[in-house]
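Spelled out, the chains give:
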Amino acid sequence: MKIAISSDHGGNRLRHEIMDLLSELGLDYEDFGPDSDESVDYPDYAKPVADGVASGKFDRGILVCGTGIGMSIAANKVKGIRCALVHDVFSAKATRGHNDSNILAMGERVVGPGLAREVVTAWLDTSFEGGRHERRVAKLSELEK
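The model shown is predicted, which means the values in this text are computed figures rather than measured ones.

Trainee: Sorry if this is basic, but what is going on with the sheet that holds strand β4 (residues 83-85) here?
Mentor: Within a beta sheet, neighbouring strands are joined by backbone hydrogen bonds and run either parallel or antiparallel to one another. What the five strands build is an open sheet, ordered β2-β1-β3-β5-β4; its pairing is parallel. Edge positions in the sheet fall to β2 (28-31) and β4, since each has one partner strand and no second. Here the strands of the sheet are splayed against their neighbours by 20° on average, with no regard to which way each runs. Against the sheet, helix α2 (residues 42-55) makes contact with β1 (2-7), β3 (60-65) and β5 (103-107), and its axis sits at roughly 165° relative to β3, the strand it touches most.

Okay, structure coming up:
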């Protein structure tokens, strides 16, 4: 599995914690920055992750900002993206199992590093259940037309 990851200035520290986790798990990832804590615009950092996942270059993406809200809104503007804003393990499992989310968004000011590691691990380990959920995910794609 290849992961694209990015943040804005408000999610920089948590992004580094997640990259450490991805390395520990032996997962391949590409970091899209930023390289400092200076203020940046979250859409500029959500776009390359969302484009990369939508194109198939990456299997999944992870985005972090202060709340996760801006990043999730920006990512969901890209056709083919199902970005879920998640701050708990139950929701991480549900969004993969039921919604086949392909990008996870979190907020550094909302969730601490320990819980973030649990959320990311649950999200990465959960497979899409298919079945009745396939019809619903297909309807989400229809909304993009």
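Trainee: Please clarify how the packing of aromatic side chains should be interpreted in this entry.
Mentor: In this description, an aromatic ring pair is defined by two values, namely the gap between the centres and the angle between the planes. Counted by the stated rule, this structure contains one aromatic pair. Ring centres of F32 and F58 lie 5.8 Å apart, and the angle between their planes is 80°; on these two criteria the pair is classed as edge-to-face. Remark: F58 occurs in the loop between α2 and β3 and F32 occurs in the loop between β2 and α2; sequence separation between them is 26 residues. Of note, R60 hangs over the ring of W123, and the distance from its end group to the ring centre comes to 5.0 Å.

Trainee: Looking at this structure, I do not really get α2. What am I missing?
Mentor: Over its 14 residues, α2 extends 20 Å from the first C-alpha to the last, a length consistent with the 20 Å expected when each residue adds 1.5 Å. Every buried residue of α2 is accounted for by Y45, A46, V49, A50, G52 and V53. Mapping the buried residues of α2 onto a view down its axis gives an arc of 160°, with all of them on the same face. Exposed positions of α2 whose direction lies more than 90 degrees from the buried face are D44 and S55. Elements that come into contact with the buried residues of α2 comprise β1, β3, α3 (69-75) and β5. Backbone geometry just downstream of α2 places G56 in the positive-phi region, at approximately 90°.

Trainee: Looking at this model, I keep getting lost on the packing of helix α4 (residues 89-99) against helix α5 (residues 113-125). Mind explaining?
Mentor: Interaxial distance between α4 and α5 falls to 8 Å at its minimum, and their mutual angle equals 20°. Accordingly, the angle class assigned to the pair α4 and α5 is roughly parallel. Where α4 crosses over α5, the two elements pack in a sense that is right-handed. Between α4, through V89, A92, K93, T95 and R96, and α5, the contact on the second element is made entirely by L115, E118, V119, A122 and W123. In the contact of α4 with α5, the residues fall into six nonpolar, one polar and three charged.

Trainee: What is the right way to look at the pattern of salt bridges in this model?
Mentor: Between side chains of opposite charge, a pair can form when the charged atoms approach closely. Within the structure shown, the criterion is met by eight salt bridges. Residues K47 and D51 are paired through a salt bridge, measuring 2.6 Å at the closest nitrogen-oxygen approach. Residue K47 and its partner D51 are both found in helix α2; the two are separated by four residues, about one turn of the helix. Ionic pairing is found between D100 and R82, a salt bridge with its closest N-O pair at 3.3 Å. With D100 in the loop between α4 and β5 and R82 in the loop between α3 and β4, this pair connects stretches of sequence that are 18 residues apart. Pair check on accessibility: D100 and R82 agree, each one buried. Linked by salt bridges that have partners in common, E17, E24 and R117 make up one network.

About the criteria used
- Residues numbered from 1 in each chain as written.
- Predicted model: local features only at pLDDT ≥ 70, side-chain atom pairs only at ≥ 80, totals over all residues.
- Heavy atoms only, no water.
- Pairing = 2+ DSSP bridges.
- Helix = DSSP H or I, 4+ residues; strand = E, 2+ residues; numbered from the N terminus.
- Axes fitted to C-alpha atoms, helices over the stretch in contact; angles between N-to-C directions.
- Contact = heavy atoms within 4.5 Å.
- Phe/Tyr/Trp six-rings, centres within 6.5 Å; stacked < 30°, edge-to-face > 60°.
- Lys NZ or Arg CZ within 6 Å of the ring centre and 35° of its normal.
- Expected span 1.5 Å × (residues − 1).
- Buried < 20%, exposed > 50% of the residue type's maximum accessible area, 1.4 Å probe, protein only.
- Arc of directions from axis to C-beta.
- Parallel < 35°, antiparallel > 145°, perpendicular 65-115°, else oblique.
- Left-handed = near helix turned anticlockwise from the far one by under 90°.
- Nonpolar A, V, L, I, M, F, W, Y, C, P; charged D, E, K, R; others polar.
- Salt bridge = Lys/Arg side-chain N within 4 Å of Asp/Glu carboxyl O.

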